Amino acid sequence: MHVDSLHIYPIKSAQGIDLNIVDVRPRGLADDRRYMLVDDKGMFITQRQIPVLAQLRVILSDDGLVLQWPHREALPVKHMSFSSRANVTVWRSELKAATANSTINAELSRWLGTSVTLVHMDGDSHRI
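Residues numbered from 1 in each chain as written. Predicted model: local features only at pLDDT ≥ 70, side-chain atom pairs only at ≥ 80, totals over all residues. Heavy atoms only, no water.

Observations concerning the environment of valine 116
1) Next: By secondary structure assignment, the location of valine 116 is in the loop between helix H1 (102-112) and strand E11 (117-120).
2) Next: By relative accessible area, which is 2% here, valine 116 ends up buried.
3) Next: When residues no more than four places from it in sequence are discounted, the contact partners of valine 116 are Leu37, Val38, Ile45, Asn105, Leu108 and Ser109. (Helix = DSSP H or I, 4+ residues; strand = E, 2+ residues; numbered from the N terminus. Buried < 20%, exposed > 50% of the residue type's maximum accessible area, 1.4 Å probe, protein only. Contact = heavy atoms within 4.5 Å.)

Details of the packing of aromatic side chains
1) Next: For the coordinates displayed, the defined rule picks out 3 aromatic pairs.
2) Next: Centre to centre, the rings of tyrosine 35 and phenylalanine 82 are 5.7 Å apart; their planes meet at 55°, and the pair counts as tilted. Highlighted residues: tyrosine 35 in strand E5 (residues 35-38) and phenylalanine 82 in strand E9 (residues 82-90), separated in sequence by 47 residues.
3) Next: Taking the relative accessible area as the measure of exposure, tyrosine 35 reaches 5% and is therefore buried. (Phe/Tyr/Trp six-rings, centres within 6.5 Å; stacked < 30°, edge-to-face > 60°.)

Focus on the environment of leucine 29
1) Next: Residue placement: leucine 29 occurs in strand E4 (residues 28-29).
2) Next: Linking leucine 29 and leucine 6, residues 23 residues apart in sequence, is a C-alpha distance of 9.9 Å.
3) Next: Contacts of leucine 29, omitting those with residues within four sequence positions, involve His7, Ile8, Val22, Asp23 and Val24.

Written out as structure tokens, the structure is:
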């Protein structure tokens, strides 16, 4: 088998990150789709609903993520920014995920023009 390229998408429906190597873990590729945006009902959001998500660039950092999008300053999102938990739905799977703080969610909501919450499917979140 020959692999031409490797990519992960830390936030579902945001831009991907090109990699030369990747860790494969029991849940899949390390850092791949561990975060997502959900609406007020906890349902995940994709580019199909909000195409501008394709402009959201994600940079992995030692203590979280850095989000970049057009005409805004970079937004650091530290792991400790996720303190509460909420029920979320991905397709037909329901799970509890850690939610980002209100400042981060307000910035993303302002940019997207609709209310969103950034959630992290951390070690306490389980989805088959």
